[in-house]
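Geometric and topological summary
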Amino acid sequence: MLSIDRIESGYGLVPALRGVSLRVAPGEIVAVLGPNGAGKSTLLRTVSGLLATRSGAISLNGRRLDGLPAHKIARLGVAHVVEGRGILPNLTIRDNLRLGSFLRASRAGEQEGLDAALDRFPWMRPRLGDLGGRLSGGQQQMLAIARALLGEPKVLLLDEPSLGLAPKIIDELFEVIGRLATDDRAVLIVEQQVHRCLRVATRGYVLQRGRVVLSDSAEALRGDERIERAYLS
Ligand code: ATP
């Protein structure tokens, strides 16, 4: 269970999160929605330790994460797929995936993880030697997700995975995302594709100016006009 309690963080003197609390349990896909500048990416950066928490607490299964450096937070089971994917374009698919394996406990586990990634994304199998930069935007996003999964995270943070992708590819991507949560893995996803996202999510939070203004089950949020109001105001 990821617990975020009244966290504040920001850039320089500007606070971007003003007391945000949320919970994500294993098996859940939790959506973070809200207009531009609401603080969604900042929330993910604060959880993964790319940005310091100024106050409040973040814990994973009772273990405090706030205050730890990003690499320790990653070792404790938080994987962050940043906006813009962050794969290495000059490395092959195989080497990009290998990079994701460095958090695994054993070399034996590495091959197992690679096999699981290739079962999940069969199109990668014949293309393991292709450079990451030669892939389409949707494929790069899937590679970034596959790489993150190789570290066996307990919480997967996805920052606007659909950004810049064609509608058909976005549908494929959400099918993949809908299958990412397991008994011991949760997904926290920031998205502008509100409706598609709420179709795969279990619950959602709406942020506005650094605060949670609405939270409910995805089903309830799907028909809630307060979401539109949050985006318009
Ligand atoms: P978007 O969908 O536009 O990315 P968001 O909800 O993810 O929106 P954030 O990127 O988290 O919003 O930004 C929250 C606030 O922090 C905004 O006011 C933004 O201008 C500010 N901000 C974000 N990144 C920086 C930065 N590197 N330096 C200074 N201010 C920043």
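First things first, this report covers the structure right here in the doc. (Residues numbered from 1 in each chain as written. Predicted model: local features only at pLDDT ≥ 70, side-chain atom pairs only at ≥ 80, totals over all residues. Heavy atoms only, no water.)

Quick look at the site of the ligand
Around the ligand sit 13 residues in total, of which Gly37, Gly39, Lys40, Ser41 and Thr42 are the nearest. Here Asn36 contributes a side-chain N or O atom positioned 3.3 Å from an oxygen atom of the ligand. Here an oxygen atom of the ligand sits 2.5 Å away from a polar atom, N or O, in the side chain of Thr42. Burial of the ligand by the surrounding chains reaches 60%, relative to a free accessible area of 630 Å². It is helix H1 (residues 40-48) that contributes the most residues to the shell around the ligand, 4 residues altogether. The class makeup of the residues in the shell around the ligand is 4 nonpolar, 6 polar and 3 charged. (Near = heavy atom within 4 Å. Polar contact = N/O pair within 3.5 Å; in protein donor to acceptor, adjacent residues only side chain to side chain. Areas by Shrake-Rupley, 256 points an atom, 1.4 Å probe, with all protein chains shown as cover. Helix = DSSP H or I, 4+ residues; strand = E, 2+ residues; numbered from the N terminus. Nonpolar A, V, L, I, M, F, W, Y, C, P; charged D, E, K, R; others polar.)

What about the pattern of salt bridges?
Considering all chains together, one arrives at 10 salt bridges under this definition. Residues Arg64 and Asp66 are paired through a salt bridge, measuring 2.8 Å at the closest nitrogen-oxygen approach. The partly exposed category is assigned to Arg64, whose relative accessible area is 46%. A relative accessible area of 18% means that Asp66 is categorised as buried. Among the ionic pairs, Arg226 bridges to Asp224, the shortest N-O distance being 2.7 Å. With a relative accessible area of 15%, Asp224 lands in the buried category. (Salt bridge = Lys/Arg side-chain N within 4 Å of Asp/Glu carboxyl O. Buried < 20%, exposed > 50% of the residue type's maximum accessible area, 1.4 Å probe, protein only.)

Here we look at the side chain of Glu160
When you line up the elements, Glu160 lands in the loop between strand S7 (155-159) and helix H6 (167-177). One buried charged residue, Glu160, remains without a salt bridge, the closest side chain of opposite sign being Lys40 at 5.0 Å. With sequence-adjacent residues up to four places away left out, Glu160 is seen in contact with Glu83, Val190, Glu191 and Gln192. (Lys, Arg positive; Asp, Glu negative; His and termini not counted. Contact = heavy atoms within 4.5 Å.)

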